[in-house]
Each structure stands twice: as C-alpha cells, then as structure tokens.
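Examining the three-dimensional arrangement
The lines below spell out each chain.
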Amino acid sequence: MLQALRRASTTTSSGTGLEAWPSASAKTFSQFLGTDVRHLDGPAVILDLNVIRRNCALMLETCDTLKVGWRAHVKTHKTIELAKLQVGDAPRPVNLIVSTVNEALFLLPWLVECKQQGRKVNVVYGVPPSSTCFKRLSPLREQLGHDSISFLLDHPAQLRNLIGPSPTTESVPVWIKVDPGYHRAGAAPKSTELEILLNTIKQHASSDKVHSHPLVKLIGFYTHMGHSYGAKSSSDALNFLADEIQQVLDATEGATPQDFGVTRFTISVGATPTAASAANLVSDPNASTTVKEVMAKVASTHELELHAGVYPTLDMQQMSTHARANMTTSDIGIRILAEVLSVYENRETPEALIGAGSLALGREPCQSYPGWGVLAPNPWKPQDDKVIYDEEGKTGWMVKRISQEHGILSWEGPKEKKYPLTIGEKVLLWPNHACIAGPNFNAYYIVDSAQGEGKEMEIVDAWVRARGW
C-alpha cells in the first residue's frame with residue numbers, strides 16, 4: 001500500500017513517547033484509492049502531484065542557480081509528503097519553518113530519518129517562543145541535535161522562555177525577527193528596540209563567571225514580507241524582494257557575527273510573492289538589477305536564504321500578484337471539491353448553491369476579484385467556448401457570498417458565456433488562500449495530472465495533515 005496509507009495509527013510517535021496531537025488515520029481514506037474524485041463526498045481538498053512537483057522543483061532550481069540557501073515553510077500543508085518535495089533529495093539540507101509545535105512533532109520521525117542519512121536538519125519555530133514551547137520542543141533538540149531547532153526573537157524578555165532559571169547545557173540557536181514594515185511581528189531595522197535586543201543577545205552569547213558556555217548564539221536575521229501579497233506584477237514583487245533584503249541588511253549594521261557565536265550571519269527573507277519572483281532573475285537576464293545588486297552586497301558578508309510556504313500549491317491570492325512571469329491558473333495545485341445543491345437561474349444574476357462554505361474555503365479576500373473562491377475547469381464536462389475565469393474581465397463563476405457550510409456561486413460576465421451548472425454535479429474551486437482552506441480537512445486527496453487524459457482525476461494517494469498546536 002502507498003506510503004501515506006501505511007501510517008495507520010491515530011498519532012504520530014517518535015518511538016520515545018513523544019507524540020503529536022491526534023491526526024486522522026490514513027486507513028480512513030484507503031477505500032478511495034484508484035477511484036475518481038467525483039466519488040468523494042464533498043467538500044474535499046484535492047492536490048495535483050504533477051503541479052506541486054513542478055512548483056517545488058522550480059524553487060529549488062532557482063535557489064541553486066542564484067547560489068542562495070532555501071528554507072521551506074510547512075504551515076500551508078502540514079504533511080510529511082509535501083515537505084519532502086519542498087526540500088528535495090539528499091544530500092540537500094532539510095531547512096524548515098514550522099508555525100506550531102505540533103507540526104514539528106508530526107514531522108519528527110521523518111526528520112530523524114534525515115539525520116540518520118547524514119542530512120543537515122534545521123527547523124525554525126516560526127513565531128516568538130511562548131513560555132511552554134521550548135519545553136515541548138526540548139526533546140526534539142535531544143533527538144535531532146541542539147542546533148537543529150532554532151527560535152525567533154523580537155524582544156529581550158523572550159530570552160527567559162529559552163534559557164529561564166535552568167539554562168541548557170548547549171547554546172540555543174536564535175534568529176532576530178525583523179519587521180520590514182508589515183507590523184505583524186519583529187523589531188524594525190535601526191530601531192532602539194533592535195539595538196536593545198542585540199545587546200541582550202550579545203550578553204548571553206559568550207561564557208562568563210556564572211555560565212561556562214554561551215547560552216545562545218545568533219544565527220541570523222529573519223523577516224516575512226507579508227505586504228508583498230499586494231504586488232500586481234513581477235516587477236512589483238521584485239521590488240518588494242529588493243526592499244526586504246535591504247531592510248534586513250540594515251538590521252545587521254553594527255553587529256559582528258563573531259560576537260554572537262557565528263562566523264557569518266544568515267539573512268533569511270521571503271514570502272511566496274518575493275521568493276517566487278526570484279525565478280524571474282533566472283528566466284530574464286534583464287530582470288531587476290536592484291535585486292541582483294543587493295544580493296551581491298549580502299553575499300560579500302553574509303549568507304542569504306529564501307523562504308516561502310504556499311508556493312507549491314499556489315492559490316488565487318498568489319495568482320493576483322503575478323509575481324512569477326507567465327504564472328497561470330494551471331500552476332495552482334489545490335482545488336476544493338464541492339457539490340452543486342441548487343441553481344437559481346432567474347435571479348438578477350444567475351446563482352448556484354454549493355456545499356462548501358467558510359470552513360472549507362476559508363474567508364480571506366483576494367485583491368483581483370470580490371469573492372471567496374473561483375470555479376475551476378471541470379475535467380468531466382466539456383466547456384466548449386464557455387468562460388471559466390477571466391481575471392481582467394472579471395468573468396466567471398465566483399463564490400460571492402459564504403456561510404459556514406455553504407457558498408453562493410454567482411455568474412459574473414456576459415450570460416452567453418456562462419458555464420452551465422446542474423444540481424448534483426461535482427465542481428472544483430480554486431481557493432483564495434491555500435493555507436486557510438486546508439486546516440479543516442483531515443487529509444489531502446492526491447491526483448496526478450501527469451497520468452494523462454482520463455486518469456488525471458484518479459486518486460493515487462492521501463496525505464494526512466498534522467492537527468492542533
């Protein structure tokens with residue numbers, strides 16, 4: 001049986017009593033292997049392995065060509081299978097970001113395997129540490145190595161959550177979270193807050209009369225360019241990338257790596273729009289000289305790495321940024337399956353009721369259209385000359401209103417171009433934000449469009465997600 005379906009227990013265990021919060025049993029989904037996704041009860045979430053492989057491979061190739069490091073965020077999917085595609089095969093390092101302790105616990109068996117294969121493993125806990133997270137993650141440090149788990153800081157008081165009254169016997173790796181203007185978390189470059197934080201870390205990054213070893217070491221500076229989701233072109237996204245790198249570079253001013261226990265700092269930048277835009281530097285020799293110049297500036301003194309999370313699946317938000325040249329909806333690897341429950345042809349605007357609401361699609365807006373999801377092409381039904389989705393003309397079936405368990409599809413555009421819907425048919429939807437559309441599902445059903453016509457919607461696997469925090 002396929003790898004994902006071998007994991008029959010309801011928890012993921014490291015073999016040492018460390019367990020993740022309960023996740024669904026993969027056995028639950030085995031009955032659908034080899035069947036068409038139309039046989040699923042909706043709503044269900046479908047991933048296209050062919051598309052996801054392609055997106056992951058492109059990111060790795062881009063980083064290799066640009067000679068920068070790469071760190072994959074797993075919060076979008078929370079699965080072992082997709083994390084493997086994100087980091088590639090050995091001997092590539094396994095550099096990850098998790099947003100919850102439970103994600104790290106869920107990945108632990110695979111991470112142990114990677115260490116046994118001689119691969120370097122480093123997991124960044126992606127939010128400033130709470131009072132309990134370090135204790136929960138400490139056993140992972142014991143199993144994977146003390147340098148394998150690192151933490152983000154943006155305030156001196158957070159150090160207490162890492163070293164506390166009983167410091168560890170090994171230095172704790174930390175990053176400074178830099179605020180590039182998004183104002184979600186982080187210390188602003190050249191700010192008094194950053195200066196105080198640096199001084200506090202520096203005091204703990206060397207041994208003294210009380211401690212025989214440094215309590216922490218500063219690996220580098222990390223940022224998330226969240227407002228790059230407002231990009232509307234590849235040049236916009238590249239400008240965000242240049243600004244992001246420069247701001248983190250500014251944050252390093254006055255900090256000498258040797259004073260913090262390292263030889264060179266790592267500057268880690270990214271969000272999917274900025275990380276994806278880096279591919280333009282490879283495909284177009286004339287793309288942003290500004291980005292190339294600031295990257296060269298970093299390379300002279302520090303290490304540079306990119307990070308991102310939603311790029312393997314993409315979604316409507318990412319389509320709206322046009323961050324990567326020639327990116328189209330064929331690059332979206334996630335769709336939500338739903339059933340048409342009713343149709344309302346005689347309303348002022350034709351509408352249809354679907355069995356997928358905010359719990360299936362999420363409730364995040366998209367800058368390119370006013371709605372919560374868009375009808376994707378139906379592989380079981382010829383579309384002829386009917387329009388599926390036209391961003392420029394704002395034409396297509398769009399989820400215009402949404403409740404907990406159902407949504408209202410509304411036709412936007414010329415009625416003669418309307419794609420007909422019938423009660424009982426299964427439809428596929430592109431969600432606005434894949435990270436938010438996935439959490440209420442226990443697993444992803446996997447199809448592979450590379451199998452060819454007639455088999456592109458056959459279920460080939462099921463990937464169980466980590467659950468909880």
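Up top is the structure.
Right, let's walk through the structure included here. (Residues numbered from 1 in each chain as written. Predicted model: local features only at pLDDT ≥ 70, side-chain atom pairs only at ≥ 80, totals over all residues. Heavy atoms only, no water.)

Points about empty space enclosed by the protein
Scanning the model with the defined rule gives 2 cavities of 30 Å³ or more in all. The volume enclosed by the largest cavity comes to roughly 70 Å³. The wall of the largest cavity is formed by Asn55, Leu58, Met59, Thr62, Ala276, Ala279, Tyr311, Leu314 and Arg324. If you list the elements that add at least two residues to the lining of the largest cavity, you get helix H1 (49-66) and helix H8 (272-283). Of the residues contributing to the lining of the largest cavity, the split by class is 6 nonpolar, 2 polar and 1 charged. The volume enclosed by the second largest cavity comes to roughly 30 Å³. Residue lining of the second largest cavity: Lys177, Asp179, Pro180, Tyr182, His183, Arg184, Ala185 and His224, and that is the complete set. Taken together, the residues of the lining of the second largest cavity sort by class into 3 nonpolar, 2 polar and 3 charged. (1 Å grid on protein atoms, 1.4 Å probe; cavity = no way out; pocket = protein on both sides within 12 Å on 5 of 7 lines; lining within 4 Å. Points joined across faces, edges and corners; volume = space filled by probe spheres on them. Helix = DSSP H or I, 4+ residues; strand = E, 2+ residues; numbered from the N terminus. Nonpolar A, V, L, I, M, F, W, Y, C, P; charged D, E, K, R; others polar.)

Section: the packing of aromatic side chains
This structure, assessed with the given rule, holds 9 aromatic pairs. Measuring from centroid to centroid gives 6.3 Å for tyrosine 369 and tyrosine 389, while their planes differ by 70 degrees, and the two rings are edge-to-face. A residue pair is termed long-range when its members are at least 10 positions apart, and tyrosine 369 in the loop between helix H11 (358-361) and strand S12 (373-375) and tyrosine 389 in strand S13 (residues 389-390) qualify at 20 residues. For tyrosine 389, a relative accessible area of 16% gives the class buried. The rings of Tyr125, Phe134 and Phe151 are connected pair by pair, giving a single aromatic cluster. Over the face of the ring belonging to tyrosine 344 we find arginine 347, whose NZ or CZ atom lies 3.6 Å from the ring centre. (Phe/Tyr/Trp six-rings, centres within 6.5 Å; stacked < 30°, edge-to-face > 60°. Buried < 20%, exposed > 50% of the residue type's maximum accessible area, 1.4 Å probe, protein only. Lys NZ or Arg CZ within 6 Å of the ring centre and 35° of its normal.)

Topic: the pairing of strand S17 (residues 443-447)
The buried fraction of S17 amounts to 5 of the 5 residues, a majority that puts the element mostly inside the structure. Every second residue of S17 is oriented toward a common face, with Ala443, Tyr445 and Val447 on one face and Tyr444 and Ile446 on the other, all of them buried. Here strand S1 (residues 44-48) runs beside S17; their pairing, made up of 3 bridges, is parallel. Note that in S17 the partner of aspartate 48 across the bridge is valine 447. With 4 bridges joining them, S17 and strand S18 (residues 461-464) adopt antiparallel strand pairing. Following the sheet pairing, tyrosine 444 is matched in S18 by tryptophan 463. (Pairing = 2+ DSSP bridges.)

Limitation: the analysis is restricted to geometry and does not speak to function.
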